[in-house]
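Listed below, chain by chain, are the residues.
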Amino acid sequence: MTANTAPDAPDLLDLAPLGAGHFARIEDKIASLMRTRETVVTMQGEALLPLEAAIRSAVRPGSTALNIITGPYGETFGGWLRSCGAEVITISAPFSGAVGAEQVAEALRAHPGIDFVSLVHAEAATGNTNPVAAIGEVVRAHGALLMLDAVASVGAEPLLTDEWGVDLCVIGGQKAMAGPAGVSVVSVSARAWERIAANEQAPRRSYLSLLDWKERWIDGGRAALPHAPAQLEMLALEQAVDRIEEDGLEAVMARHRAAAAAMRAGVRALGGLSPYVVRDEDAAPVATTLRAPDGKDARDVVAAALAADASVPVQAAAGSLAKEMIRVNHYGLDADREVVLASLAALGEGLRALGVPVADAEAAPAAAGKAWDAVIPG
């Protein structure tokens, strides 16, 4: 051991090369987690890479795309769609709720030329989740391709890629899977591959090219990797999937669901704050967003809460929501009863420090514990 190596540091150097066979086995594990029999492409970068690659590969000039916005990522997709030359029809929902399938159906009836639909499953940034099964049904009936950003939902709530008719489904490992951010995966349906192959504007000889991956990796029987893989991130992704398999996917999702339910119940009992997403059924299990008290800046509430306990996963929202929205993350190992209770305690202390009246110290943890037990009986 060198003088600069911590005693408990994992051995991340001098690893044996990650071969094509091992890489393919990791992909198969991911495909199983995504509940898809379609091909998957494991891209060597954060999930924005396959999200942009999917749009630029499948959307061509003259396309009409329906972009469903329930948070900041949907807004990003609109910019990419327009830069591909598509006419973009937008459905926007307040960040305090979700988009309904009937809204999507109405847009498809009003614009029969829509051939591509982009949707975020769960928006960790705003704490809402969308009814993908119902939306997928109307999109499939219309005949359009459906692209789904499932980065924040995979591992936290059901993701049934094939059953829901999702043509391009993107996941990342850094949220509910408690894995790495440096690799991400997109599943591609046969219909989507046909559309991509017919698109003369689809990226080629590019890091964004899905077709390059298909021709050099998938069509070659996954026998030779196109380039050196992101080895550490791939191994970490495999460990994240293996841990979910060992714990049981249903149990992992139940922990996330229990954490969100407990936080929402605890906040309502605490007072001073309120859930930003109004209806429980629209709330994402991966993160709970809260509305700051009237006259208080959310960033001040977060600072006061972290002053009480710096370990809790509490943060202010970004951008235009920074003054009004507080986010409590339930990613991965933070989907834990004790973490929820500690977060409620820190928020209570922070509110008191700012002069905001709250309930007695026992009300919030009692409500949170009852809500947790309703999901996962003790």
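Reading the values: rules and limits
Residues numbered from 1 in each chain as written. Predicted model: local features only at pLDDT ≥ 70, side-chain atom pairs only at ≥ 80, totals over all residues. Heavy atoms only, no water. UniProt positions renumbered as here; feature names shortened; annotations may be inferred. Helix = DSSP H or I, 4+ residues; strand = E, 2+ residues; numbered from the N terminus. Pairing = 2+ DSSP bridges. Contact = heavy atoms within 4.5 Å. Axes fitted to C-alpha atoms, helices over the stretch in contact; angles between N-to-C directions. Disulfide = S-S within 2.5 Å. Buried < 20%, exposed > 50% of the residue type's maximum accessible area, 1.4 Å probe, protein only. Phe/Tyr/Trp six-rings, centres within 6.5 Å; stacked < 30°, edge-to-face > 60°. Lys NZ or Arg CZ within 6 Å of the ring centre and 35° of its normal. 1 Å grid on protein atoms, 1.4 Å probe; cavity = no way out; pocket = protein on both sides within 12 Å on 5 of 7 lines; lining within 4 Å. Points joined across faces, edges and corners; volume = space filled by probe spheres on them. Nonpolar A, V, L, I, M, F, W, Y, C, P; charged D, E, K, R; others polar. Salt bridge = Lys/Arg side-chain N within 4 Å of Asp/Glu carboxyl O.

Caption draft 1: Molecular detail of the UniProt feature "domain: Aminotransferase class V" (unreviewed entry) in the protein chain. The sites that UniProt annotates as "domain: Aminotransferase class V" (unreviewed entry) are residues 83-302. In residues 83-302, helix accounts for 38% and strand for 18%; the two terminal C-alpha atoms are 37 Å from one another.

Caption draft 2: Structural view of the sheet that holds strand 11 (residues 287-291). Taken in spatial order, the 4 strands make up an open sheet running 10-11-13-12, and their pairing is antiparallel. Edge strands, defined here as strands with exactly one partner in the open sheet, are strand 10 (274-275) and strand 12 (314-316). Most of the contacts of helix 10 (residues 298-308) go to strand 12, to which it runs at about 155 degrees, and overall it touches strand 12 and strand 13 (325-329).

Caption draft 3: Examining the environment of Ala 265 more closely. Summarising the element assignment, Ala 265 is placed in helix 9 (residues 249-270). Sequence separation between Ala 265 and Ile 135 is 130 residues; the distance between their C-alpha atoms is 28 Å.

Caption draft 4: Representation of the state of the cysteines within the structure. As enumerated under the stated definition, the model contains 0 disulfides in all. Take Cys 84: it sits in no disulfide, and the sulfur closest to it among the cysteines is that of Cys 169, at 19 Å. The class for Cys 169 is buried, based on a relative accessible area of 0%.

Caption draft 5: Structural detail: the packing of aromatic side chains. Scanning the entire structure with this criterion turns up 3 aromatic pairs. Aromatic pair Phe 23 and Trp 213: ring centres 6.3 Å apart, planes at 15 degrees, arrangement stacked. Residue Phe 23 is found in helix 1 (residues 20-33), and its partner Trp 213 is found in helix 7 (residues 210-218); the two are separated by 190 residues along the sequence. The two residues Phe 23 and Trp 213 agree in class, both being buried. These aromatic residues form a ring-pair network of at least three members: Phe 23, Trp 213 and Trp 217. Above the ring of Trp 193, the side-chain terminus of Lys 214 is found at 5.6 Å from the ring centroid. The ring of Tyr 276 is capped by Arg 291, whose NZ or CZ atom sits 4.0 Å from the centre of that ring.

Caption draft 6: How the structure looks around empty space enclosed by the protein. The full count for this structure, using the stated rule, is 1 cavity of 30 Å³ or more. Approximately 60 Å³ is the volume attributed to the largest cavity. Ala 176, Met 177, Ala 178, Ala 240, Arg 243, Ile 244, Asp 247, Val 252, Arg 255, Gly 332 and Leu 333 together form the lining of the largest cavity. Elements supplying a minimum of two residues to the lining of the largest cavity: helix 8 (231-247) and helix 9. With 4 residues, the top contributor of residues to the lining of the largest cavity is helix 8. Of the residues that constitute the lining of the largest cavity, the class distribution is 7 nonpolar, 1 polar and 3 charged.

Caption draft 7: Here's a closer look at the pattern of salt bridges. Across all of its chains, the model carries 18 salt bridges by this definition. A salt bridge links Asp 297 to Arg 299, with the shortest nitrogen-to-oxygen separation between them at 2.8 Å. Here Arg 352 ties to Glu 349 by a salt bridge, and the two come within 3.3 Å at their closest N and O atoms. Linking Arg 352 with Glu 349, this pair stays in helix 11 (residues 337-353), spanning 3 residues, or about one helical turn. The class of Glu 349 is partly exposed, set by a relative accessible area of 44%.

Caption draft 8: Local environment of the sheet that holds strand 9 (residues 184-188). The 7 strands are arranged 1-9-8-7-4-2-3 in an open sheet whose pairing can be described as mixed. Of all strands in the sheet, those bounded by a partner on one side alone are strand 1 (39-43) and strand 3 (87-92). Averaged over all neighbouring strand pairs, the angle between strand axes comes to 15 degrees, with direction disregarded. Contacts from helix 1 reach strand 1, strand 8 (168-172) and strand 9 within the one sheet, and its direction differs from that of strand 1 by about 115 degrees. Its contacts with the sheet place helix 3 (residues 72-83) against strand 2 (64-69), strand 3, strand 4 (114-120) and strand 7 (145-149), and it is angled at close to 165 degrees to strand 2.

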